[in-house]
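Results of the structural survey
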Amino acid sequence: MPDPLLEARSVHAFYGESHVLHGIDLSIAAGETVTLLGRNGMGKTTTIRTMLGLLRPRSGRILVRGQDVSGWPTHRIARLGIGLVPEGRGIFPTLTVRENLAVAARPGPWTTDRALSLFPRLLARLDHLGSQISGGEQQMLSIARALLTNPALLILDGATEGLSPLVRGEIWSALPKLRAEGTAVLVVDKEIRKLLEIGDRHLILVKGRIVFAGTSDEFRARYEENLALLRA
């Protein structure tokens, strides 16, 4: 079996003296869509930050394609083929949409035209500043910008939270297209039914621990129990 694109092994992480991740084990294979679920404050964003080097694990290992990157700076990890759509979007508000895309572009199959084809409404906003477009358009821009780095793995933290139903629908429609292109995806969101439609495997975090890991069928087989975990 090939090495996973991204893997966490028995990862423990702290904020100061607060123990926030307790032995996290997860892996994402090439072309796989994995979802990370849990209430606010359960450790989803912290898990992502730790895997990307924004928070150094106290113990355990982070590997990219089998290479131990624990303690590496974030930019080195990203260059191994990981793109991030962060919570809060992280666009440049004083740059135009066109400029936001241009600063991220790297050689590869994802070009500006291809990224914009996922979200056609951005075509009419290319000369607008990032601060002048709606929150939903900012999220589309953040996804398109991350794709222009031509990642093997795209991480979406809060894919559709706080967006209008119309915009959420456009984003959910785009994600299966990434899978069809062979891009692996780790997605954090609260729309359980949509996640079960697009995901290969699902993880539930409760207080920094993974308490469920399984396929969509396995999730549905214990649907009520998992809903209770998500309310815990």
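A few points on the structure. (Residues numbered from 1 in each chain as written. Predicted model: local features only at pLDDT ≥ 70, side-chain atom pairs only at ≥ 80, totals over all residues. Heavy atoms only, no water.)

1. Topic: the packing of helix 3 (residues 97-104) against helix 5 (residues 135-147)
The geometry of a pair of packed helices is captured by two quantities: the angle between their axes and the separation between those axes. Viewed as axis vectors pointing N to C, helix 3 and helix 5 meet at an angle of 25°, and their least axial separation amounts to 8 Å. Overall, the two elements helix 3 and helix 5 adopt an arrangement that is roughly parallel. In this structure, helix 3 meets helix 5 at a crossing whose hand is right-handed. When helix 3 is examined against helix 5, the residues Val97, Asn100, Leu101 and Ala104 are found in contact with a partner set consisting of Leu141, Ala144 and Arg145. Class assignment of the residues belonging to the contact of helix 3 with helix 5 gives a composition of five nonpolar, one polar and one charged. (Axes fitted to C-alpha atoms, helices over the stretch in contact; angles between N-to-C directions. Helix = DSSP H or I, 4+ residues; strand = E, 2+ residues; numbered from the N terminus. Parallel < 35°, antiparallel > 145°, perpendicular 65-115°, else oblique. Left-handed = near helix turned anticlockwise from the far one by under 90°. Contact = heavy atoms within 4.5 Å. Nonpolar A, V, L, I, M, F, W, Y, C, P; charged D, E, K, R; others polar.)

2. Some points on the sheet that holds strand 4 (residues 59-64)
With antiparallel pairing, the four strands of this open sheet are ordered in space as 2-1-4-5. Since the sheet does not close on itself, it has two edges, and those belong to strand 2 (18-28) and strand 5 (67-68), each with one partner. In terms of strand pairing, strand 1 (residues 6-15) meets strand 2 through seven bridges, oriented antiparallel. From the neighbouring strand, Val11 faces strand 2, where its bridge partner is Ile24. Helix 1 (residues 44-51) contacts strand 1, strand 2 and strand 4 of the sheet and is inclined by roughly 70° relative to strand 2. (Pairing = 2+ DSSP bridges.)

3. Points about the layout of surface pockets
The volume enclosed by the largest pocket comes to roughly 590 Å³. If you trace the largest pocket, you find 21 residues lining it, with Ala78, Ile82, Gly83, Leu84 and Thr149 closest to the centre. Those elements giving two or more residues to the lining of the largest pocket turn out to be helix 2 (74-78), strand 6 (82-85), helix 3 and helix 5. (1 Å grid on protein atoms, 1.4 Å probe; cavity = no way out; pocket = protein on both sides within 12 Å on 5 of 7 lines; lining within 4 Å. Points joined across faces, edges and corners; volume = space filled by probe spheres on them.)

4. A word on the sheet that holds strand 7 (residues 153-157)
The strands making up a sheet associate through hydrogen bonds between their backbones, and the pairing can be parallel or antiparallel. Strand order in the open sheet made by the six strands is 6-7-8-3-9-10, with mixed pairing throughout. A strand with exactly one partner marks an edge of an open sheet, and here the two such strands are strand 6 and strand 10 (209-215). The average undirected angle you get between the axes of adjacent strands in this sheet is 15°. Bridge count between strand 3 (residues 33-37) and strand 8 (residues 184-188): four bridges; the pairing is parallel. Each residue of the ladder has a partner; that of Thr33, found in strand 8, is Val185. Each of strand 6 and strand 7 touches helix 5; the most contacted strand, strand 6, lies at about 170° to it.

5. As for the pattern of salt bridges
Following the criterion strictly, the structure yields ten salt bridges and no others. As a salt-bridge pair, Arg61 and Asp68 come within 3.0 Å of each other at their nearest N and O atoms. Overall, Arg61 belongs to the partly exposed group, its relative accessible area being 35%. With a shortest N-O distance of 3.1 Å, Glu137 and Arg125 are connected by a salt bridge. With Glu137 in helix 5 and Arg125 in the loop between helix 4 (112-118) and helix 5, this pair connects stretches of sequence that are twelve residues apart. (Salt bridge = Lys/Arg side-chain N within 4 Å of Asp/Glu carboxyl O. Buried < 20%, exposed > 50% of the residue type's maximum accessible area, 1.4 Å probe, protein only.)

6. Focus on the packing of aromatic side chains
One pass over the full model with this rule turns up two aromatic pairs. For the ring pair Phe212 and Phe219, a centre distance of 5.6 Å and an interplane angle of 90° mean the geometry is edge-to-face. Classification of Phe212 by relative accessible area gives buried; the value is 7%. Relative to Tyr223, the ring of Phe219 has its centre 6.0 Å away and its plane inclined at 70°; by these criteria the two rings are edge-to-face. Residue classification places Phe219 among the buried residues on the basis of a relative accessible area of 0%. Classification of Tyr223 by relative accessible area gives buried; the value is 17%. Three or more aromatic residues link up through ring pairs in this structure, and these residues are Phe212, Phe219 and Tyr223. Lying over the aromatic face of Trp72, Arg76 brings its terminal NZ or CZ to 3.7 Å of the ring centre. (Phe/Tyr/Trp six-rings, centres within 6.5 Å; stacked < 30°, edge-to-face > 60°. Lys NZ or Arg CZ within 6 Å of the ring centre and 35° of its normal.)

7. Remarks on the nonpolar core
If you look at the biggest cluster of nonpolar residues, it comprises 72 residues, and the most contacted ones within it are Leu6, Leu153, Leu156 and Leu186. Leu6 has contacts with Leu26, Ser27, Ile28, Met51, Ile62, Leu63, Val64, Ile82, Leu153 and Ile155, leaving out every residue within four places of it along the chain. (Core = buried A, V, L, I, M, F, W, Y, C linked by side-chain atoms within 4.5 Å.)

8. Things to note about helix 3
Within helix 3, burial applies to Val97, Asn100, Leu101 and Ala104. Buried residues of helix 3, viewed axially, fall in a sector of 95°; they line one side. On the buried face of helix 3, the contacting elements are helix 4 and helix 5. (Arc of directions from axis to C-beta.)

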